[in-house]
Number of protein chains: 2
Amino acid sequence: MASRNPKKLEELHRILVTVVPAVEVLGLDDAPAYDEPAETEPTFEGNALIKARAGLAATGLPCLADDSGLCVDALNAMPGVLSARWAGRAKDDAANNRLLLEQLKDVPDERRGAEFRCAVAFCTPDGQEDVVFGEMRGRIIRTVRGTGGFGYDAVFVPDGETRTSAEMPAAEKDAISHRGRSLRAVAPIVAAALAPLGSTHG
Amino acid sequence: MASRNPKKLEELHRILVTVVPAVEVLGLDDAPAYDEPAETEPTFEGNALIKARAGLAATGLPCLADDSGLCVDALNAMPGVLSARWAGRAKDDAANNRLLLEQLKDVPDERRGAEFRCAVAFCTPDGQEDVVFGEMRGRIIRTVRGTGGFGYDAVFVPDGETRTSAEMPAAEKDAISHRGRSLRAVAPIVAAALAPLGSTHG
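Residues numbered from 1 in each chain as written. Chains lettered and ligands numbered in written order. Predicted model: local features only at pLDDT ≥ 70, side-chain atom pairs only at ≥ 80, totals over all residues. Heavy atoms only, no water.

With respect to the sheet that holds strand β4 (residues 129-140) of chain A
Residue and element names in this part refer to chain A.
Logical step 1: Taken together, the 5 strands give an open sheet; going across it, the order is β2-β1-β3-β4-β5, and neighbouring strands pair in antiparallel fashion. Of all the strands in the sheet, just β2 (78-79) and β5 (156-158) have a single pairing partner and so form its edges.
Logical step 2: With 11 bridges joining them, strand β3 (residues 113-123) and β4 adopt antiparallel strand pairing. Each bridged residue has a counterpart across the sheet, and for Ala-121 the counterpart in β4 is Val-131.
Logical step 3: Relative to strand β1 (residues 63-72), helix α2 (residues 44-59) is tilted by about 155°, and along the sheet it contacts β1, β3 and β4. (Pairing = 2+ DSSP bridges. Helix = DSSP H or I, 4+ residues; strand = E, 2+ residues; numbered from the N terminus. Contact = heavy atoms within 4.5 Å. Axes fitted to C-alpha atoms, helices over the stretch in contact; angles between N-to-C directions.)

Quick look at the structure:
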């Protein structure tokens, strides 16, 4: 998978292994030739494809990549593709959460709806390209709560929940999360693509 | 006018005086009874009305208020109504500009379009309420340039210009600006409402 985020790699393995028991998930730290592409596309789908194609190019192996983010109603679906760098510092979750809560300070409860969206792209050496999507609807609360997950999990309460997604055990979050949904959707596609490789893999 | 911003009061007077020569513009510092309302509406129109109504209530005088902001294409028309507090610190222009430029760092030139939008509300003691609009289309550059204006003027180049709106003389900016357009649109409405008051005012 075209990611260096150990939590994402773990999450992918956790989900994929239920469909493809012998699967092995490699991250970018296993792919020294990977040339980090700029994520310049205005859509999750576009950025996921950029990363999956770069991962395939660097390794010659089938490659998955996701691009995901938080789309807040009161911000016209932003931070969106800019979720990781919303506060201007790449991947500073604490700064991003703080900025988001400040921006929404005067936004009343009935307008604090939001959703996580995820696109997962899968590219294979024989030119197959697939993109699947997943989402998780909920709302933005007013303080940070919980230490699990990453990104905006600590300020987001999924619909039907009272806990933030950072307060939910991983398996419970996977069952409803945007990334869980999209990884489960892509799993059979991955399984089909890996089948011809036989049991020598994994 | 329901504003404490001396630059806005000056700009309003500069424009109104061309239509209503004897007009006198009072700001909120002249209205100690004004109770600062929260700008909680999701639209410029809604917030302008909140402020104009509060100004009328505090003074018993006809009151104008504007709400305006920068709508950036690549941010789905945000910062919008949150323009003044985009970086979380109320009315810190430098912090807001810095954050915006960082958020747009990877956005290519062809997707850096933006527009300033302004709504001006006018409320009178006899219950008349009007709202007019103005806009100025342009693009977001990559560094801060110019010391005139305020808000996001230093990162915005209007269509047909090479200067930022912070590099343009006030009169040239007024001629094309969102606030200039909406204040010129409201001026005849103000003139008509003030006419019955006669020459004892101003």
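A look at the nonpolar core
Where a protein is soluble and globular, its nonpolar side chains tend to be buried together.
Logical step 1: Formed by 74 residues in total, the largest nonpolar core has its most connected members in Leu-75 and Ile-140 of chain A together with Leu-75 and Ile-140 of chain B.
Logical step 2: Setting aside its immediate chain neighbours within four residues, Ile-140 of chain B contacts Leu-70, Val-72, Leu-100, Leu-101, Leu-104, Arg-112, Ala-114, Val-155 and Phe-156 of chain B.
Logical step 3: Of all hydrophobic cores here, the second largest spans 17 residues; its members include Leu-9, Ile-15, Val-23 and Val-132 of chain B. (Core = buried A, V, L, I, M, F, W, Y, C linked by side-chain atoms within 4.5 Å. Buried < 20%, exposed > 50% of the residue type's maximum accessible area, 1.4 Å probe, protein only.)

Focus: the relation of the copies chain A and chain B
Logical step 1: Overlaying chain A with chain B gives an RMSD of 0.0 Å, the required rotation being 180° about an axis along which the chain moves by 0.0 Å. Such values leave the two copies arranged in the relation of a two-fold axis. When each C-alpha of chain A is compared by its distance to the rotation axis, Asn-76 of chain A comes out closest, at 2.9 Å.
Logical step 2: Interface overlap between copies: 95% of the residues of chain A at the interface are likewise at the interface in chain B, consistent with a symmetric, same-surface contact. (Least-squares fit on C-alpha atoms with pLDDT ≥ 70 in both.)

Things to note about the side chain of Lys-173 of chain A
Residue and element names in this part refer to chain A.
Logical step 1: You can see Lys-173 is positioned in helix α4 (residues 170-176).
Logical step 2: Lys-173 gets classed as buried once you look at its relative accessible area, which sits at 6%.
Logical step 3: In this structure Lys-173 touches Glu-11, Gly-149, Asp-153, Ser-165 and Met-168, once residues within four positions along its chain are discounted.

Side note on the pairing of β3 of chain A
Logical step 1: Across the 11 residues that make up β3 of chain A, a large majority, 10, are buried.
Logical step 2: Linking β3 of chain A back to β4 of chain A in an antiparallel pair, the connection comprises 5 residues, with Gly-127 of chain A at a positive phi of about 95°.

Observations concerning the pattern of salt bridges
Logical step 1: For the coordinates displayed, the defined rule picks out 34 salt bridges over all chains.
Logical step 2: Its salt-bridge partner being Asp-109 of chain A, residue Arg-142 of chain A comes within 3.2 Å of it at the nearest N-O pair. Pair noted here: Arg-142 of chain A is in the loop between β4 and β5 and Asp-109 of chain A is in the loop between α3 (93-103) and β3, with a separation of 33 residues, a long-range link.
Logical step 3: Assessed through its relative accessible area of 43%, Arg-142 of chain A is described here as partly exposed.
Logical step 4: Its salt-bridge partner being Glu-36 of chain B, residue Arg-4 of chain B comes within 3.1 Å of it at the nearest N-O pair. Highlighted residues: Arg-4 of chain B in the segment before α1 (6-16) and Glu-36 of chain B in the loop between α1 and α2 (44-59), separated in sequence by 32 residues.
Logical step 5: Taking relative accessible area as the criterion, Arg-4 of chain B reaches 41% and is therefore assigned partly exposed.
Logical step 6: Bridged by salt links that share partners, the residues Asp-73, Glu-115, Arg-117 and Arg-137 of chain A form one connected network. (Salt bridge = Lys/Arg side-chain N within 4 Å of Asp/Glu carboxyl O.)

Some remarks on the sheet that holds strand β1 (residues 63-72) of chain B
Adjacent strands of a sheet form backbone hydrogen bonds with each other and so pair up, either parallel or antiparallel.
Residues and elements named next belong to chain B.
Logical step 1: The antiparallel open sheet is built from 5 strands, whose spatial order is β2-β1-β3-β4-β5. Strands at the two margins of the open sheet, each flanked by one partner only, are β2 (78-79) and β5 (156-158).
Logical step 2: By the bridge criterion, 10 bridges tie β1 to strand β3 (residues 113-123) in an arrangement that is antiparallel. Each bridged residue has a counterpart across the sheet, and for Leu-64 the counterpart in β3 is Phe-122.
Logical step 3: Lying on the sheet, α2 is in contact with β1, β3 and β4 (129-140); it crosses β1 at an angle near 155°.

What about unusual backbone geometry?
All names here are of chain A.
Logical step 1: Omega for the bond connecting Met-78 with Pro-79 falls within 30 degrees of zero, at 5°, which places this linkage in the cis form.
Logical step 2: You can see Pro-79 is positioned in strand β2.
Logical step 3: The phi dihedral of Ala-77 falls on the positive side, at around 75°, and the residue is not glycine.
Logical step 4: With respect to the helices and strands, Ala-77 occurs in the loop between β1 and β2.

A word on the confidence of the model for chain A
Logical step 1: When the pLDDT values of chain A are averaged, the result is 91; 97% of them are 70 or greater.
Logical step 2: Among the prediction metrics, the complex's ipTM stands at 0.84, with pTM recorded as 0.88. (pLDDT = per-residue confidence, 0-100.)

Concerning the packing of aromatic side chains
Logical step 1: In the structure shown here, the tally under the stated rule is 3 aromatic pairs over all chains.
Logical step 2: Residue placement shows Lys-173 of chain A over the ring face of Phe-150 of chain A; its charged tip is 5.1 Å from the ring centre. (Phe/Tyr/Trp six-rings, centres within 6.5 Å; stacked < 30°, edge-to-face > 60°. Lys NZ or Arg CZ within 6 Å of the ring centre and 35° of its normal.)

Here we look at the environment of Ser-165 of chain A
Residue and element names in this part refer to chain A.
Logical step 1: Take Ser-165: it is sitting in the loop between β5 and α4.
Logical step 2: Note on Ser-165: relative accessible area 0%, which makes it buried.
Logical step 3: In this structure the C-alpha to C-alpha distance between Ser-165 and Ala-121, which are 44 residues apart in sequence, comes to 24 Å.
Logical step 4: Those residues in contact with Ser-165 that lie beyond four places of it in its chain are Phe-116, Met-136, Asp-153, Phe-156, Pro-158 and Lys-173.

Details of the side chain of Arg-85 of chain B
Logical step 1: With respect to the helices, strands and loops of the structure, Arg-85 of chain B is situated in the loop between β2 and α3 (93-103).
Logical step 2: Side chain to side chain, Arg-85 of chain B and Asp-106 of chain A meet in a polar contact 2.9 Å long. (Polar contact = N/O pair within 3.5 Å; in protein donor to acceptor, adjacent residues only side chain to side chain.)

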